[in-house]
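# Structure at a glance
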Amino acid sequence: MTKTDEYGRRKAYFPSFYEVHDKLYGDESPHVLLNYSNPYDLSPNFDRFPHSNLSPDFFIDTIVTTLGRVPNFVVEVGSFQGHSAVTLARSLDSLTNTDHLGIYRESEIDGINGDGMFDDENSTERDGGEQADNSEEGEKSNAEQKIDENGILSSSKNKFRPEPPSDHVLSVPVLCIDPWVGDTNIWANRASDPSVQYWASRVQDGRSLLFDQYMANVQSAIVDQKLASPFHIIPLHATSTVGARFLDQMSWSPDVIFLDSAHEEGETLLELELYYSVLAPGGVLFGDDYTWHGVRKDLMKFMEIHNYGKDPNDMFTFRLERADPNNKYSVLLWVLQKAKYY
Ligand SMILES: C[S@@+](CC[C@H](N)C(=O)[O-])C[C@H]1O[C@@H](n2cnc3c(N)ncnc32)[C@H](O)[C@@H]1O
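Below: a short report on this structure. These numbers come from a predicted model, not from an experiment. Each chain carries its own residue numbering, running from 1 in the written order of its sequence. Where totals are concerned, whole chains, interfaces and linings use all residues; where local detail is concerned, this predicted model gives features only for residues with pLDDT of at least 70, and gives and counts side-chain atom pairs only at 80 or more.

One bridge is not enough; two strands pair if DSSP finds at least two bridges between them. We count a stretch as a helix when DSSP gives it H or I for four or more residues in a row; a strand needs E for two or more, and each element gets its number in order from the N terminus. Read from one edge of the open sheet, seven strands run 7-4-1-8-9-11-10, paired in mixed fashion. Strands with a single pairing partner mark the edges of an open sheet, and in this sheet they are strand 7 (233-237) and strand 10 (316-322). Within the sheet, the average angular offset between the axes of one strand and its neighbour, ignoring direction, is 20°. One ladder, built from five bridges, connects strand 4 (residues 174-178) with strand 7; its direction is parallel. Working convention: axes come from line fits to C-alpha atoms, limited for helices to the stretch in contact. Angles between N-to-C directions cover 0 to 180 degrees.

One non-glycine residue, Asp289, lies in the positive phi region at around 60°. Looking at the element boundaries, Asp289 is found in the loop between strand 9 (284-287) and helix 10 (293-305). Burial is judged by counting other C-beta atoms within 10 Å of a residue's own C-beta: 20 or more means buried, 12 or fewer means exposed, and anything between counts as partly exposed, with every C-beta placed from the backbone. Looking at Asp289, the number of C-beta atoms within 10 Å reads 20, which means it is buried. In this model, Asn307 sits at a positive phi of 50°, which is unusual for a non-glycine residue.

Glancing now at the site of the ligand. The rule is simple: place the C-beta atom from the backbone, and if it lies within 6 Å of a molecule or strand, the residue is near it. Around the ligand, 20 residues are found, and the nearest of them are Ser52, Gly78, His83, Ser84 and Ser240. Following the grouping adopted for this structure description, the nonpolar residues are Ala, Val, Leu, Ile, Met, Phe, Trp, Tyr, Cys and Pro, the charged ones are Asp, Glu, Lys and Arg, and the polar ones are all others, Gly among them. Residues that form the shell around the ligand fall into these classes: eight nonpolar, nine polar and three charged.

So, on to the environment of Cys176. Here Cys176 shows up in strand 4. Put simply, Cys176 and Ser84 are 92 residues apart on the chain and 9.9 Å apart in space, counted from C-alpha to C-alpha. With residues up to four places along the chain from it excluded, the contact list for Cys176 reads Glu76, Ser79, Ala85, Ile233, Ile234, Pro235 and Leu236. Placing a C-beta atom from the backbone of each residue, one calls two residues in contact when those atoms lie within 7 Å.

Here we take up helix 10. The span expected for a helix works out to 1.5 Å for each residue beyond the first. Here helix 10 spans 18 Å end to end across 13 residues, near enough to the 18 Å set by a 1.5 Å rise per residue. Listed in full, the buried residues belonging to helix 10 are Val295, Asp298 and Leu299. One side of helix 10 carries all its buried residues, which in axial view fall inside an arc of 105°. Opposite the buried face of helix 10, at more than 90 degrees from it, the exposed residues are His293, Met300 and Glu304. On its buried face, helix 10 is in contact with helix 9 (267-278), strand 9 and strand 11 (332-338). After helix 10 finishes, the residue Asn307 shows a positive phi value of roughly 50°. For this quantity, the arc is that covered by the directions from the helix axis to the C-beta atoms.

Direction vectors running N to C along helix 2 (residues 56-67) and helix 3 (residues 83-93) enclose 55°, while the axes themselves pass 9 Å from each other. Considered as vectors, helix 2 and helix 3 are oriented oblique to each other. For the element pair helix 2 and helix 3, the recorded crossing hand is right-handed. Packed against helix 2, whose contacting residues are Pro56, Phe59 and Ile60, the element helix 3 presents Thr87, Leu88, Arg90 and Ser91 at the interface. Residues that form the contact of helix 2 with helix 3 fall into these classes: four nonpolar, two polar and one charged. With respect to orientation, any angle under 35 degrees is reported as roughly parallel, any angle over 145 as roughly antiparallel, any angle of 65 to 115 as roughly perpendicular, and every other angle as oblique. In this scheme, a crossing is called left-handed if the near helix is turned counterclockwise away from the far one by less than a right angle; it is called right-handed if the turn is clockwise.

A few words now on the nonpolar core. By size, the foremost hydrophobic cluster in this structure holds 64 residues, and its most contacted members are Val174, Ile257, Tyr275 and Leu285. The leading source of residues in this core is helix 7 (residues 210-224), at eight residues. When residues no more than four places from it in sequence are discounted, the contact partners of Val174 are Val74, Glu76, Ala85, Leu88, Ala89, His232, Ile233 and Ile234. Nonpolar cores are identified as sets of buried Ala, Val, Leu, Ile, Met, Phe, Trp, Tyr and Cys residues joined via C-beta atoms within 7 Å.

Here we take up helix 7. Between its first and last C-alpha, helix 7 extends 20 Å over 15 residues, near the 21 Å set by a 1.5 Å rise per residue. Of all 15 residues in helix 7, 14 are buried, a share of seventy percent or more. Downstream of helix 7 by one or two residues, Lys226 has phi in the positive range, about 50°.

Attention shifts here to the pairing of strand 9. Burial of strand 9 is two-sided: the residues Val284 and Phe286 facing one way and the residues Leu285 and Gly287 facing the other way are all buried. Looking at chain direction, strand 8 (residues 256-259) and strand 9 are connected through four bridges and run parallel. Within strand 9, the position partnered with Val256 by the bridge is Val284. Handedness of a crossover is defined as follows: with both strands directed away from the viewer, a clockwise route from the first strand across the helix to the second makes it right-handed. Chirality of the crossover, the property in question, places the unit of strand 8, helix 9 and strand 9 among those that are right-handed. Pairing analysis gives four bridges linking strand 9 to strand 11, with the strands arranged antiparallel. When the sheet's bridge partners are listed, Phe286 is paired in strand 11 with Val335.

Direction vectors running N to C along helix 8 (residues 240-250) and helix 9 enclose 20°, while the axes themselves pass 9 Å from each other. Our classification of the angle between helix 8 and helix 9 gives roughly parallel. Judged by the sense of rotation from one axis to the other, the crossing of helix 8 with helix 9 is left-handed. Contacts between helix 8 and helix 9 involve Ser240, Thr241, Ala244, Arg245, Leu247 and Asp248 on the former and, on the latter, Leu270, Glu271, Leu274, Tyr275 and Val278. Classifying every residue of the contact of helix 8 with helix 9 by side-chain character gives six nonpolar, two polar and three charged.

Next up on the list: the environment of Phe302. Tracing the sequence through the fold places Phe302 in helix 10. Since 19 C-beta atoms lie within 10 Å of it, Phe302 is described here as partly exposed. Here the alpha-carbon distance between Phe302 and Thr268, two residues 34 residues apart in the chain, equals 9.5 Å. Dropping the residues within four chain positions of it, Phe302 is found in contact with Leu269 and Leu272.

So far we have only geometry, and geometry alone does not tell us how the molecule works.
Here it is, written out as structure tokens:
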């Protein structure tokens, strides 16, 4: 049941990184990304997918500026191989004004440095004493790992559950909702279209390895490349509708939601309805690829249903922005902000 205030309005509740993490993976569970076992031994790869349009500048200058403050809980719907998830995490880190160097220096935690990032000198703690593979194949997390009789992953890494830094910005959760199964284009065209083949994940054991590629990429971005704090990205392996209903049941209200899923007509409208309803008052819901038929049509229907601009009880703003404001040919993103007093 959604928590509401005395006027029946949705109460915004922003969960912490480990609140979300532990709800999904179990209380006190090892940090899911730091302990990812990479069972298919995939090499991280951020170079192939050409369709990720979210830039740090767009996120900061358009989304955070519209929100008017540092976000508290970010949700991404459609993460693919992790490009935009890492962009979101890096952008959040860049919002800190605090000189947080030294936060961990006095702590007992091995393997994390003052930026909340892994410390190479202590890397034996996380990778079982072996050096990361930095060959052309890419860097892999190559810990010695075993599954015990209870089906639990055991290694030196899986005990690893570092505490987030006190600087809030470095631990704003970024919940990534995706079934990681591949979209229509991938399944229909991967065999015949070399450009799709180039960036689509391989199929093995009767399924796409897209989730594994996402995990390998994000783990590498955090652990090996130290691009972002480890206390943002949390994968939720579910469809957009399950994810939105889960947020509703938890009474968690994201204040930023990036909708970048299948862009199918009808499905997008359902996503808009579900995510708009869990969006915190004053929150920003935005999405990629406005010019896609399904996206544009469903956004128009959504505005019609909600009497855009006419219903004083249901107010939101809507606008379009170029992914790169200096390039008039760049992709159009749509940005919607719910009224603060919704
Ligand atoms: C365009 S990609 C996302 C790209 C990513 N945001 C980026 O910029 O790097 C679309 C993603 O939507 C996901 N997707 C497809 N159907 C979905 C659904 N029903 N719910 C959630 N995600 C879905 C796909 O698995 C795919 O990863």
